[in-house]
Amino acid sequence: MTAPLQSVEPAAEQAAGSTYRGTLRYALSKAGGAAVSIAVVIITTFFVFRLLPGDPVRALAQGRNMTPEALAIERHRLGLDKPQWQQFIDYIGNTIRLDFGSSYEYKRPVLDLIGERFGNTLLLTGTALILAVSLGLWQGTKAGWRIGSRFDRFSTAISLVLWSVPTFWLGLLLLLVFANGIGPIPGLFPTRGIESVDAPDGFAYVLDVGLHMVLPVLTLVGVVYAQYLLVMRSSLQEEVAQDYITTARAKGLRDDEVRRRHAIPNALLPTVTLVFMRIGFIVSGAVTVEAIYSWPGLGQLFVRAIHVPDFTLMQGTFIVISVSVIIMNTLADVVYHLLDPRVRST
């Protein structure tokens, strides 16, 4: 009678090893796909930005009386007098070494500029992501558990309206109403930047930065949280119809306990994937918000680079933003593969 019991452990170990190898193969395949996507982004970035109208040298020379000889010297300094194929080869080699060159306008290494602004973008997008996920999951759970209720209809309608509104329009509307003030509504929040000119120290400084964050964070949350709400609502609606929920209720478990212990953990799987995916996209979405509110992050840096055009700065910021989206999408696929046994079995 002991032989069958002894054979259980090797079988379990074999199954665990098979699952591990399957997950590793899946992760490697996704990593390979991500590497190809990053390579495509790097290659196309060089050519796409050079289709933009404008001459960087003449743009930087505005306001200065420069002779054609001086313009030629400046063009040579920036390496813009080389044939385009040579510029492309130099660009690829430098990018592989993580050297994005120096900004035409700021005359500083692009990586240094990105490093200075990245923290500001992370603060803005990280705060917005936490609030959007919390609000979306709470409303999605409550709406999905009581489909057709007044709360469900109201919250879904509001989220769909905000989701349909362009980011720049919502940002301008909030800026007009709550920053500049309109009618009886006074201007309550700062209009631009991350801090006041005469910013205080200590805790007062934290409050000052917080006031500057209110409108840009609200703009990002408004256009993002609906996705979490709708996905959670849909997932929970599917789980409520499953047999195990009926069984749990038949056993006499309270509704709150059934929802908390059984329905919500299973319904969270698609939402977890969406959270990872949106980490990347919310960084790219911050470009518009940062431009509207003059938030000193990667988005504002990118928009400023387009105006010149500053090729090295555009290339560096765009690659960083794009790579973050690709990496987060890849992590989302791998995490979903780990969490959901139904995916691992396919």
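Quantities reported herein were computed from a predicted structural model and do not represent experimental measurements.

**Student:** Explanation requested: the side chain of D310 in the structure shown.
**Tutor:** Within the secondary structure layout, D310 lies in the loop between α12 (298-307) and α13 (311-339). It is R304 that comes nearest to the buried, bridge-free D310 among opposite-charge side chains, at 7.8 Å. At a separation of 3.1 Å, a polar atom in the side chain of D310 contacts the main-chain amide nitrogen of Y104. Among the polar contacts listed, one links the side chain of D310 to the side chain of T312, at a separation of 3.1 Å.

**Student:** I keep staring at the packing of aromatic side chains and nothing clicks. Help me out?
**Tutor:** The geometry of an aromatic ring pair is captured by the separation of the ring centres together with the interplanar angle, meaning the angle of the planes. Inspection of every chain in the model, using the stated rule, returns 10 aromatic pairs. Each ring, one from F49 and one from F318, has its centre 5.4 Å from the other, and the planes form 85 degrees; the classification is edge-to-face. Residue F49 is found in helix α2 (residues 8-49), and its partner F318 is found in helix α13; the two are separated by 269 residues along the sequence. For F49, a relative accessible area of 8% translates into the label buried. According to the relative accessible area criterion, F318 is partly exposed, its value standing at 32%. Counting every residue linked through ring pairs, the aromatic cluster contains F46, F47, F88 and Y91. We note R50 situated over the ring of F311; from NZ or CZ to the ring centre the distance is 4.5 Å. The aromatic ring of F151 is capped on one face by K142, whose charged end is 4.6 Å from the ring centroid.

**Student:** Just checking my understanding: could you explain the packing of helix α8 (residues 167-180) against helix α9 (residues 203-240) for this structure?
**Tutor:** Think of two packed helices as two axes; the pair is described by the angle between the axes and how far apart they sit. Contact geometry of α8 with α9 gives a least axis separation of 9 Å together with a crossing angle of 140 degrees. Considering their axes alone, α8 and α9 lie oblique with respect to each other. As for how α8 packs across α9, the hand of that crossing is right-handed. Touching T167, L170, G171, L174, L175, F178 and A179 of α8 are L215, L218, T219, G222 and V223, all from α9. Each residue belonging to the contact of α8 with α9 can be placed in one class, and the counts come to eight nonpolar, four polar and no charged.

**Student:** I would appreciate a short explanation of the environment of S164 in the present structure.
**Tutor:** Relative to the assigned elements, S164 resides in helix α7 (residues 150-164). Using a relative accessible area of 62% as the deciding quantity, one classes S164 as exposed. In this structure, the C-alpha to C-alpha distance between S164 and A226, residues 62 residues apart in sequence, is 9.7 Å.

**Student:** Which parts of the structure should I look at to understand empty space enclosed by the protein?
**Tutor:** Left-over empty space is what a probe sized like a water molecule reveals as it rolls over the atoms. This model, assessed by the stated rule, comprises one cavity of 30 Å³ or more. Of the pockets and cavities examined, the largest cavity occupies roughly 40 Å³. What lines the largest cavity is P190, T191, R192, G193, H212, L215, P216 and Y293. With three residues, α9 is the single largest residue contributor to the lining of the largest cavity.

**Student:** Teacher, can you tell me more about a nonpolar patch on the surface here?
**Tutor:** A cluster of nonpolar residues, F168, W169, L172 and L173, forms a patch on the protein surface that exposes about 390 Å² of accessible area. Looking at the element boundaries, F168 is found in helix α8. A relative accessible area of 44% means that F168 is categorised as partly exposed.

**Student:** I keep staring at the layout of surface pockets and nothing clicks. Help me out?
**Tutor:** Of the pockets and cavities examined, the largest pocket occupies roughly 440 Å³. Along the wall of the largest pocket there are 22 residues; nearest its centre are L78, N94, G101, Y104 and T312. Elements with a contribution of two residues or more to the lining of the largest pocket: α4 (68-77), α5 (84-96) and α13. Top element by residues in the lining of the largest pocket is α5. It accounts for five residues. A breakdown of the residues in the lining of the largest pocket according to their chemical character gives six nonpolar, 10 polar and six charged.

**Student:** Teacher, can you tell me more about the nonpolar core here?
**Tutor:** Buried together is how nonpolar side chains tend to be arranged in soluble globular proteins. By size, the foremost hydrophobic cluster in this structure holds 28 residues, and its most contacted members are L124, A132, V217, V221, Y228 and Y293. At the level of secondary structure, the elements contributing two or more residues to this core comprise α6 (110-145), α8, α9 and α11 (255-293). Looking at this core element by element, the count peaks at 11 residues for α9. Ignoring any residue separated from it by four or fewer positions in sequence, one finds A132 in contact with V221, V224, Y225 and Y228. The next biggest cluster of nonpolar side chains, apart from the first, holds 27 residues, and it includes V57, L71, A305 and I321.

Reading the values: rules and limits
Residues numbered from 1 in each chain as written. Predicted model: local features only at pLDDT ≥ 70, side-chain atom pairs only at ≥ 80, totals over all residues. Heavy atoms only, no water. Helix = DSSP H or I, 4+ residues; strand = E, 2+ residues; numbered from the N terminus. Buried < 20%, exposed > 50% of the residue type's maximum accessible area, 1.4 Å probe, protein only. Lys, Arg positive; Asp, Glu negative; His and termini not counted. Salt bridge = Lys/Arg side-chain N within 4 Å of Asp/Glu carboxyl O. Polar contact = N/O pair within 3.5 Å; in protein donor to acceptor, adjacent residues only side chain to side chain. Phe/Tyr/Trp six-rings, centres within 6.5 Å; stacked < 30°, edge-to-face > 60°. Lys NZ or Arg CZ within 6 Å of the ring centre and 35° of its normal. Axes fitted to C-alpha atoms, helices over the stretch in contact; angles between N-to-C directions. Parallel < 35°, antiparallel > 145°, perpendicular 65-115°, else oblique. Left-handed = near helix turned anticlockwise from the far one by under 90°. Contact = heavy atoms within 4.5 Å. Nonpolar A, V, L, I, M, F, W, Y, C, P; charged D, E, K, R; others polar. 1 Å grid on protein atoms, 1.4 Å probe; cavity = no way out; pocket = protein on both sides within 12 Å on 5 of 7 lines; lining within 4 Å. Points joined across faces, edges and corners; volume = space filled by probe spheres on them. Patch = residues over 30% accessible without salt bridge, like charges linked within 9 Å, V, L, I, M, F, W, Y side chains within 5 Å. Areas by Shrake-Rupley, 256 points an atom, 1.4 Å probe, with all protein chains shown as cover. Core = buried A, V, L, I, M, F, W, Y, C linked by side-chain atoms within 4.5 Å.

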